[in-house]
Amino acid sequence: MRDSLIAAAFQLFLERGYEQTTVDDIVTLAGVGRRSFFRYFPSKEDVVFPDHEQCLADMTRFLAASADSDDPIVRVCDAARLVMRMYAENPTFSVQRYRLTREVTGLRTYELSVVWRYEKTLGDYLRTRWADRRDGTLRANVAAAAVVAAHNHALRHWLRSGGEGDPLAEVDQALEFVRATWSPDAVADAPAEENEDVVVVITKRSTPMWRVVREVESSLGES
């Protein structure tokens, strides 16, 4: 029944427009009563985003199952992949919803509130993992926002293409950028900058600066 309501709603949204479609129209096409609709969806907006509540619950459980030895950044990146997999399960529906939210301001606002809940879920996890850091809250908030931004960059690119290509590969590439920027392991594994010599010169305070410079140049082997 839930799937029938979603299918009926989107058929009408595409035929008549979102604003012109009522809940009564949806239940009539689906062949059910209004009570059945509200058993599954609190509002007409919710039928456009039927899968986010379950995905948020899955993400919360995934993060809660994290071990202390897990890299927090890798964990939140993996959590973000759950959202992309949700979209990738039904490309046609995902593209239709994307186009609909571009046309209806109210749906765009609703979608932004859902995105904020994902970001808060990631941020809550990171704040817990970095609770012993002085900059833990700031670091968690910025990192969570970076993960969401990277995920949404890949998601929008895929949706704008009409659902063509491999969205999971696209999000992997975007999230790797975040991991390479924020993960301590990535920083440790990063190639070292070209070695720079450090020269210590001991001299009297009264020594002219030109002589100090000459001594430095001499130590570096410069002419």
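Only a predicted model underlies this, so the values are computations on that prediction, with no experimental measurement involved. (Residues numbered from 1 in each chain as written. Predicted model: local features only at pLDDT ≥ 70, side-chain atom pairs only at ≥ 80, totals over all residues. Heavy atoms only, no water.)

This part covers the overall build of the protein. For the protein, the count of helices and strands is 12 helices and zero strands. Tracing the protein from N to C terminus, the helices and strands come up as α-α-α-α-α-α-α-α-α-α-α-α. Each of the 223 residues in the protein was classed as buried or not, and the buried ones make up 39%. Pairs at least 24 residues apart make up 64% of the contacts formed inside the protein by residues separated by at least 6 positions. Entry remark: accessible area of the protein is about 13600 Å², with carbon and sulfur atoms responsible for 51%. (Helix = DSSP H or I, 4+ residues; strand = E, 2+ residues; numbered from the N terminus. Buried < 20%, exposed > 50% of the residue type's maximum accessible area, 1.4 Å probe, protein only. Contact = heavy atoms within 4.5 Å. Areas by Shrake-Rupley, 256 points an atom, 1.4 Å probe, with all protein chains shown as cover.)

Residue placement: Arg 139 occurs in helix 9 (residues 136–160). No salt bridge is formed by the buried Arg 139; the nearest opposite charge belongs to Asp 135, separated by 4.3 Å. Here Arg 139 is in contact with Trp 130, Arg 133 and Trp 182, once residues within four sequence places are set aside. (Lys, Arg positive; Asp, Glu negative; His and termini not counted. Salt bridge = Lys/Arg side-chain N within 4 Å of Asp/Glu carboxyl O.)

Here the focus is the UniProt feature "DNA-binding region" (unreviewed entry) in the protein. The positions UniProt marks with the feature "DNA-binding region" (unreviewed entry) are residues 22–41. Annotated as residues 22–41, this span is 75% helix and 0% strand, and its ends, taken at the C-alpha atoms, are 13 Å apart. (UniProt positions renumbered as here; feature names shortened; annotations may be inferred.)

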